[in-house]
Amino acid sequence: MGVMERPHVSVEQALKVVGLTREELLSLGGSVLTTGSAHLVGSLAGGLGNRGSDIDVHMLVPGITKPTPAYLFFAGNTPVDVEHYPDTMPGRLVDAARAFPVLELPFGTVSTGPAPGRRTRRTAARWLNSLPLHPDQPPVFDASEAAAVLPTVVRAGLDQLMGIWAVARLAERAEDADAARYLYRRAGRELLELRCRAAGDVLTSEKWLPDRAARLGLGATAVRRHYEVSDQAGLTELLDGTGLGDRDPWSYVTVRTDADRQTVRLGREKFALTRHGRLIGDAVSAEGSVHRAADSVGPRRLLDALRNAELVLETSDDALTEATDA
């Protein structure tokens, strides 16, 4: 599946969905929308959204060093969220993306660099899907820059899929049928998300995922299969043609002790305090492959340790290139 030609949506068409014109929005926003270049982002900019959608605007502002809290005003009953970002931030994202080579995989182009953090990835995805509010303003990314940034967003989707798949396999080994079924269904949705991102459709809200898949030409039956997969066999079937179906997700991720875990004493006893606020008396510590950790503490205990945030999963540094060399 190649990169899709993004459906052309003008600002006028996007705002018409919520009953506004560009001139009305700019007038309502006043000076709030003149501090930098203004860009419509979110579902409306991506050609989806509905009458109840919010209007999301990102401002690229000179002279600031970090994003600022959102400013909210209303256009009738429609909320308008305006966020300010440093005008140097898009260039930094492009430079970071270009610092690593990419791999051409059967499902799309993937960065070999580490995936951006969740907030950065979400921002990059929104900018890939943005529309300038002023006709004389350029897009956040030009075509070359967008082509550099997209593989980093795809990489984040690949990491998410492989992490969930790895835990689904672990739940199977632990004979926790309910957890395995739930996780395989999540893995199916993550695969659908990955397909969309790899094709250039990077809207960030899961509620639009079926609509995005339909834009790629996937029929209702194919989409439903991604939502209903419940075991390894079903996921392997869905992975056919991606180049990932015969890979071992346990070789793609590792486990390590959560850096946010603290040791606390209650009387003479020591406990691990997890980021979820849970006290664990027999906390597991591990670092390395899922295979080794499962053999060491057992699949069920390892699954519990991940649930409790005693341990976390992370992508193995060499996993992507090793998997594609096989």
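Above this text sits the structure in question.
Residues numbered from 1 in each chain as written. Predicted model: local features only at pLDDT ≥ 70, side-chain atom pairs only at ≥ 80, totals over all residues. Heavy atoms only, no water.

**Some thoughts on the overall build of the protein chain**
Here is step 1 of the chain: Within the protein chain, the regular secondary structure consists of 13 helices and 13 strands.
Here is step 2 of the chain: With respect to the three principal axes, the spread of C-alpha positions in the protein chain is 65 × 50 × 40 Å.
Here is step 3 of the chain: Taking all 326 residues of the protein chain together, 49% fall into the buried category.
Here is step 4 of the chain: Counting contacts in the protein chain only where the partners sit at least 6 residues apart, residues at least 24 apart contribute 70% of the total.
Here is step 5 of the chain: Carbon together with sulfur atoms contributes 49% to the accessible area of the protein chain, which is approximately 15,900 Å² in total. (Helix = DSSP H or I, 4+ residues; strand = E, 2+ residues; numbered from the N terminus. Buried < 20%, exposed > 50% of the residue type's maximum accessible area, 1.4 Å probe, protein only. Contact = heavy atoms within 4.5 Å. Areas by Shrake-Rupley, 256 points an atom, 1.4 Å probe, with all protein chains shown as cover.)

**Some points on the sheet that holds strand β9 (residues 262–266)**
Here is step 1 of the chain: Across the sheet, three strands lie side by side as β9-β10-β11; this open sheet has antiparallel pairing. Of all the strands in the sheet, just β9 and β11 (279–280) have a single pairing partner and so form its edges.
Here is step 2 of the chain: With five bridges joining them, β9 and strand β10 (residues 269–273) adopt antiparallel strand pairing. Each residue of the ladder has a partner; that of R265, found in β10, is K270. (Pairing = 2+ DSSP bridges.)

**Some points on the sheet that holds strand β3 (residues 71–75)**
Here is step 1 of the chain: With mixed pairing, five strands are arranged side by side in an open sheet as β3-β4-β2-β1-β7. Of all strands in the sheet, those bounded by a partner on one side alone are β3 and β7 (131–132).
Here is step 2 of the chain: Bridge analysis of strand β1 (residues 37–41) against strand β2 (residues 55–61) gives five bridges, and the strand direction is antiparallel. Bridged to V41 within β2 is D56.
Here is step 3 of the chain: Along the sheet face, helix α2 (residues 22–29) touches β2, β3, β4 (78–86) and β7 and points at about 130 degrees away from the line of β3.
Here is step 4 of the chain: Of the strands in this sheet, β1, β2 and β4 touch helix α4 (residues 118–128), which is tilted by about 100 degrees from β2. (Axes fitted to C-alpha atoms, helices over the stretch in contact; angles between N-to-C directions.)

**Concerning the nonpolar core**
Here is step 1 of the chain: Counting residues in each nonpolar core, the largest one holds 58 residues, and the members touching the most others are F107, W127, F141, L158 and L235.
Here is step 2 of the chain: Considering each element in turn, this core owes the most residues, 14 residues, to helix α5 (residues 143–173).
Here is step 3 of the chain: Apart from residues lying up to four places away in sequence, L235 is in contact with W165, Y184, A187, G188, L191 and V229.
Here is step 4 of the chain: With 23 residues, the next largest nonpolar core counts V11, V18, V57 and A75 among its residues. (Core = buried A, V, L, I, M, F, W, Y, C linked by side-chain atoms within 4.5 Å.)

None of this, on its own, says anything about what the molecule does.
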